[in-house]
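Below are the chains, spelled out letter by letter.
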Amino acid sequence: MLISRPHWKMLFLLILLFAGLSGVIVATAQTAEGGYEPRSGDARIDRHLADINDYAGRYPASFVDEMARYYTVPRPYVEAMLQQPNWTAGDIYMACALARVAGQPCRAVVREWSRDHSDGWKSVAERLDVKPGSSQYRRLRKGIDETYGRWDRPAPAAD
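The rules behind the values
Residues numbered from 1 in each chain as written. Predicted model: local features only at pLDDT ≥ 70, side-chain atom pairs only at ≥ 80, totals over all residues. Heavy atoms only, no water. Helix = DSSP H or I, 4+ residues; strand = E, 2+ residues; numbered from the N terminus. Buried < 20%, exposed > 50% of the residue type's maximum accessible area, 1.4 Å probe, protein only. Contact = heavy atoms within 4.5 Å. Areas by Shrake-Rupley, 256 points an atom, 1.4 Å probe, with all protein chains shown as cover. Axes fitted to C-alpha atoms, helices over the stretch in contact; angles between N-to-C directions. Nonpolar A, V, L, I, M, F, W, Y, C, P; charged D, E, K, R; others polar.

Draft legend 1. Here's a closer look at the overall build of the protein chain. Of regular secondary structure, the protein chain possesses eight helices and zero strands. In the protein chain, the order of α-helices and β-strands from amino to carboxyl end is α-α-α-α-α-α-α-α. Relative to its 159 residues, the protein chain shows a buried fraction of 43%. Long-range contacts, defined here as pairs at least 24 residues apart, represent 64% of the contacts in the protein chain between residues at least 6 apart. Accessible surface, the protein chain: about 9,200 Å² in total, of which carbon and sulfur atoms supply 57%.

Draft legend 2. Expanded view of the packing of helix α2 (residues 43-58) against helix α3 (residues 60-70). Between α2 and α3, the shortest axis-to-axis distance is 5 Å and the interhelical angle comes to 115°. Of the residues in α3, those in contact with Ile52, Tyr55, Ala56, Gly57 and Arg58 of α2 are Pro60, Ser62 and Phe63. Of the residues assigned to the contact of α2 with α3, the class counts are five nonpolar, two polar and one charged.

The structure is reproduced here in structure tokens:
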């Protein structure tokens with residue numbers, strides 16, 4: 001039996017959607033197995049970024065909505081970043097949240113991280129003149145708390 005043309009298009013879109021979502025889940029699982037270490041200079045932020053990876057793996061649409069609505073990052077850009085093998089949802093979140101407190105566009109911070117992130121997010125933040133313990137880092141933490149409030153998600157417990 002042949003699939004009618006409108007149904008074929010719907011099936012094709014569903015396959016593309018599933019493939020995209022599985023890429024997010026696979027990327028998140030690989031990071032969890034590989035011991036995701038954002039090294040932001042703040043243990044609390046590091047725990048949240050790891051948890052954001054888990055959240056985005058389960059609720060990718062909510063993660064993309066958060067980034068688009070509250071961090072003013074175009075939805076297609078976030079979706080494309082989630083498909084990149086060297087980027088996790090936690091890294092995307094940190095790039096855009098750090099950009100907001102540094103007064104930079106998210107793409108500029110993405111470029112900075114892509115250029116050199118061997119020493120983690122702390123070194124990227126310092127290159128942007130955002131130091132751990134500064135008022136900008138406090139704003140970054142507050143933004144994370146606000147995100148968790150919108151998601152109605154409890155903060156990850158300290159180890």
